[in-house]
Amino acid sequence: MTKSYGRTPAIDRVSFEVQDGEYLCVLGPTGSGKTTLLRLIAGLVYPDQGEVLIDGKPVTRKPPEERNAVYVPQQYALFPHMRVLENVSFGPASKGLRREAASKTALEMLRMVRLDPRADAFPRELSGGMQQRVALARGLASGARLLLLDEPLGALDARLRVELRYKLRELAKSQGLTTLHVTHDQEEAITIGDRMVVLRHGRVQQHGTPFHVYQRPSSLFVADFIGGANFLEGLILERTREGSTVRLRGGLQVRVEDTTYAVDEPVIVVVREEKMSLTAAPEAVPNPLWGEVKALRFLGSFTRYEVRLENGDEVVCKSLTTRVPALSVGEKVAVSFAPSDGLVYSYPSVGLRRELEVV
Amino acid sequence: MPRVRVVGISKRYGRVTALDRVSLELEDREYLSILGPSGCGKTTLIKCIAGIIQPDEGRVYVDDRDLTGVPIQERGVGYVFQEVALFPHMSVADNISYGPRVKGWSPERAERMAKEMLSMVRLEDRGGAYSRELSGGAQQEVAVVRAFASGSSLLLLDEPLGALDAKVRAKLRYELRQLVTDLGLTAMHVTHDQEEALSISDRVVVMKAGRIVEVGTPMQLYLEPKRIFTANFVGEANFLRARIVRGGEEAILDVDGLELHCRNPFSVETERVVAAIRPEFISLEERGSSGPNVWLGRIESQVFAGSVVRYQVRLTNGLALTVKRPLVSEEPELSVGEKVALFLPVEHILIYPFPEGGLDQEIALE
Amino acid sequence: MKSGETTRTSLLVRLEGLSAQPRVRAVVYAASLAFFVILVLAPPLLGILLKTDRLGEVYADPRLMERAQSAITWSFAIALLVSALDLLAGTPLAWFIVRSKTRWVNVIDTLADIPFIIPTVALGFSTRLFWSTPDGLAALFGLNSLISPGLMLILLLHFAFSFPAVVRVMVGALLGYEATYEVAAKTLGAQPFTATRTVTFPILRPAIVASFLLAFARSLSETGATVMVAGTFENGPVFINNAKNAGLEGPLVFVSFVLIFASLLAFASISFIGPRLKIPVRRAWPTGERALSGRAGVTFRDSVTMIVFFAFVITPSLFIAFPATSALTDGTLGKALSGSGVWGPYWQSVLLSYTIGVIATLVNIAAGLPVAVLLARKRASKAATALLDALVNVPIVVPSIALGVSLSFFWTAFGALPEFWVLILSHTTITYTYFVRAMSAAIEEISPEMEDTARSLGARPLTVFRKITLPLAKYAALSGAILVFTRSIDETGAARAVSRELKTAPVLLVEWVRGTLPVSNSERALGVALLALTSFIALLVLRLITREKR
């Protein structure tokens, strides 16, 4: 599908599939087109080119009320002039059910999200988390088999987001729904998606299981956007069948398992923050790199060390707080990574900074 | 001498108590975070310090000066708003020079100050731009230097990164902290994001329902939270209802039939207690292991979460525990359904008296 | 998805089904646009063009020409001056209403609407009574009259009745204003006065321009009251009125023609220049502005504002209450209710005005709703929406008497349309803008996400409109309807231009005040007051509704 507002396309030749019962996360920064994508599938806008097929049938020009897909916007859009029960029964009532039958379905859904005692309240009387649950119940009550969620947890506190994300997935799965969950939070996408699609500037960057996208990002952007990564500029020095040797800045050398690039090609070696470890025994590990601790960030379950290497490059090592040696700023350390954890990419023509930028 | 002293501040709106006798101190050049869920009163607190809201009771002292009755513009306290609030009808440079200009500085002097500030945030060539043309992160940095340019060395930040994407937020918080340090400012930063608070603060104040729950350094709050709410709000924790079988410094607990050895750092004496342990402190052992604090169970679910894997383990007594393990570890590979042994190290178990209002109420996030 | 019985009638189901078809919706929008262009927009603009051959009559007579030109120029001069003064005096009052915490705020708020509520004929009569008769203010000084009918009195009158326009718009703007900006300025060390001057007002510039334009339009357009207080002075509408009385069609055409196109031009210019005017915000004077922000400064400012408000706006407007109440007891009321003498035609006129009002309201609601939706939801291209937006303003931009002149020419040229229907059409045209504006503003406030979500949940467009859009916009719909009704009752200029045999109530009352009929002062006062009564009730209802919402 392609959809443009003005000259730049918001969605640019995007294609993908979602299986029945799947929980798919669409991940991307603000402005990547995620909301437009959802609205195209919901039928709230029509694409300039391309098609939408639901259950094998083309629905591209069908109005939203005929698509069996329900759209839940980020701000929930609960009808302020209706009580919770009326809000939730709106879907079934619009599709022709009598008031008693619609209310019955609505109460069932409210019971599932544990908000049946508040059926008489107005949306403004509820907290953010409760409003979110009502919006979900309303979507579920509509009977649609496809759930389109636009940043469903975006308006909530950080801690609440973490707690509710599992419940959200559980709810969708227990109802046997197929879900498209749009978010800018990569941790959220990785944790609850069966599969994920990474979007940038309206184009699909990569799709696959979270594990796959995380371990084998298809581009520098994906590598940076999902989890944190270190980027080391270098040149291929040597290439054999088992792997390559890369010459980093300042003459430092590392070995990687990748064999894609020819000798003398400029590349970037990407090592995930948690794959870069601080080592006490630099002789025993592959790829030892010496440097100095520049900063220490305590993140709770994780601690983050920023290390400036001898050659001037800066790397970040992230590990569980329990497994991290106690070091202080200025101390000399060695970091290392396994050759299989060093991912190699071609050096981008627009320069590294532009290649990674999110805006 | 503390730069800011808040003494017994209370604020009510009708029947809702937004702040309930809150007191705290802020030292010079300290970076203090106020952390809590929505509605806990953290924004009300800093608005009282800035003079935007008048407290019903209590006093605010800045540099030993009682600010009761002093209007906002005379307090000398800089404020960065959640919605940025850069003046839309002025260029970025004019925004920054606003403070000096309204103090009567000559336009030339004010403009020079603005130029200096712009170079501090690497926006030297964007002085003529308007705020809507800048990214969210850049806007916030401009808001910080705008407050500094007006002469304040004390800065209050109201969820400054709230409107930004998760990724941008994670990057920008370090830059923000660095900027504040470089400018030599003393700062109070309100947030609901505990990772944000922990990663950049000298100290953290945890609030809930208008009251201060706990104050401490990030490490203290994480490794030795004194209150159950803190244990749940800052990071995650498994909570187990238990009974003390043998008291004292080296206690033995009964957790629904399972025995647990632990230390008793807060000297809890009550019979009914809550034991807490963070998911990443539990280790998964070989099936054959045994010993004190080794519990048997079966893996119920396994979730890949990027750098860690989360396991839900169902114990023999029916309770469930969440365990976090790094993706790459020396420990054995596991799969759903497999029987495992969990080891709960004595030094990472915390115990608390069983809360009066019940455990669910105590840890509730809203 | 069909299960169980439906709760709706089959007619409703059919309509909902129709609403789901894009073609049906397109027809509805096209029809309402056609109504607008053909029946509302075209007649006033084209009618006058049919009579351009009469323009020569004025060129032939230099004295007539001079008189006509003077009248036109004075119309614009008065409008500009009065609007500027209203902005100056009305903004501090709006500020007071929004920011002050005293108990009197609600009283002042309601009082500020009075010149809006009272039909302008009542306003004109009351003003004249207050300033120019021995029963008015002059009695305090033992004079026959303080300010006699003429330019000065017109200025005072226009100042008073354009005042609420400024206050309403500025109150709305201040209520919607993001106070955070001002607070941010204060945290940076700005005194309240400085913050208001350098931050709030520049940001509110669109509202300032809008309120200026509204006051300008009202002053330019007003006929009935102006005629009552003009004496021998002439501005545009007064000239046209006099020309009509004298049966001089040529000058009538000339002045109408110029007024129509000059007012459109003036509007376009001010709308263009206004937002581009630069307000000086660079320098600040801390010590001076601190004093102005202080308690003494604020009290001084509020006192002056109140004095001006009460002396020049409220008292002259409400002065009619005196003779009206005495008319209740001195037998005039009995005569009025019996319908004898001049009162027979009076009640007929009142009935006519009401009938026209009701019909105009219903027509405007039906025809205006789709256009309001088009404007609010911006479904068409940006340029088309902007054009429609501008065109919808035409009926209030053009002075109503000139509009009426043009309109009557149009319809007489196109066959004998009975006078009654021409009256209906002219009243509908003049009030069209009010309903469309009120509705489109309200619909714009409703997040499009609400409607999107409703459709996504399975509701057809008609259902969405019935269950979501209308309930959320019902206050605006009601306000818009009441505004149309009262404005229609109030309308003098166009009614005067169109009427031959039939007289609407305001037209009749102008005759009572200016004409040679044997009507006593007491009878005049009562006649005007009775008309004002219904408008009062209608707008009080409006206030109650909107207050309930707030």
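Treat the numbers as computed from the prediction; the structure is a model and nothing was measured.

(A) Quick peek at the overall build of chain C. Counting its regular elements, chain C contains 28 helices and zero strands. The C-alpha radius of gyration computed for chain C amounts to 25 Å, which stays within 12% of the reference 24 Å derived for 550 residues, consistent with globular compactness. Over its C-alpha atoms, taken along the principal directions, chain C stretches across nearly 80 × 70 × 55 Å. Relative to its 550 residues, chain C shows a buried fraction of 47%.

(B) Representation of the domain arrangement of chain C within the structure. All names here are of chain C. Each assigned domain of chain C is listed here: domain 1 (9–53 + 342–550) and domain 2 (82–203 + 220–247 + 289–319). For domain 1 versus domain 2, the distance between C-alpha centres works out to 26 Å. Looking at the side of domain 1 that touches domain 2, the elements with two or more residues in it are helix H22 (400–413), helix H25 (461–490), helix H26 (493–498), helix H27 (505–514) and helix H28 (521–549). When residues in the side of domain 1 that touches domain 2 are grouped by element, the largest group, nine residues, is from H28. For the side of domain 1 that touches domain 2, the class distribution of residues is 16 nonpolar, four polar and five charged.

(C) Structural detail: the interface of chain B and chain A. Counting from both sides, the interface comprises 32 residues of chain B and, opposite them, 34 residues of chain A. Within the residue set of the side of chain B that touches chain A, elements represented by two or more residues are helix H5 (166–182), helix H6 (194–200), helix H7 (218–223), strand E16 (294–305) and strand E18 (320–326) of chain B. Considering each element in turn, the side of chain B that touches chain A owes the most residues, four residues, to H6(B). When the residues that make up the side of chain B that touches chain A are grouped by side-chain class, the tally is 16 nonpolar, eight polar and eight charged.

(D) Highlighting unusual backbone geometry. The backbone phi angle of A:His201 is positive, close to 50°, even though this residue is not glycine. Here A:His201 shows up in the loop between strand E9 (195–200) and strand E10 (203–208). At B:Arg122, a position not held by glycine, the phi torsion is positive, near 55°. With respect to the secondary-structure elements, B:Arg122 resides in the loop between helix H3 (107–120) and helix H4 (136–149). Here B:Arg122 falls in the exposed class, since 11 other C-beta atoms lie within 10 Å of it.

(E) Geometry of the confidence of the model for chain B. On average, residues of chain B score 90 in pLDDT, and 98% of them reach the 70 mark or higher. Element-level pLDDT for chain B is lowest in strand E15 (residues 283–285) of chain B, with a mean of 82, against a maximum mean of 97 in strand E3 (residues 31–35) of chain B.

(F) Structural context of helix H2 (residues 22–47) of chain C. Residue and element names in this part refer to chain C. The end-to-end C-alpha separation of H2 is 36 Å, in line with the 38 Å expected for 26 residues at 1.5 Å each. Within H2, the full set of buried residues consists of Ser32, Phe36, Val40, Pro43, Pro44 and Gly47. Elements in contact with the buried residues of H2: helix H19 (343–377), helix H21 (394–397), H22 and helix H23 (419–445).

About the cut-offs
Residues numbered from 1 in each chain as written. Chains lettered and ligands numbered in written order. Predicted model: local features only at pLDDT ≥ 70, side-chain atom pairs only at ≥ 80, totals over all residues. Helix = DSSP H or I, 4+ residues; strand = E, 2+ residues; numbered from the N terminus. Rg over C-alpha atoms; globule rule 2.2 N^0.38 Å. Buried ≥ 20, exposed ≤ 12 C-beta atoms within 10 Å, placed from the backbone. Domains from an automatic or database assignment. Nonpolar A, V, L, I, M, F, W, Y, C, P; charged D, E, K, R; others polar. Contact = placed C-beta atoms within 7 Å. pLDDT = per-residue confidence, 0-100. Expected span 1.5 Å × (residues − 1).

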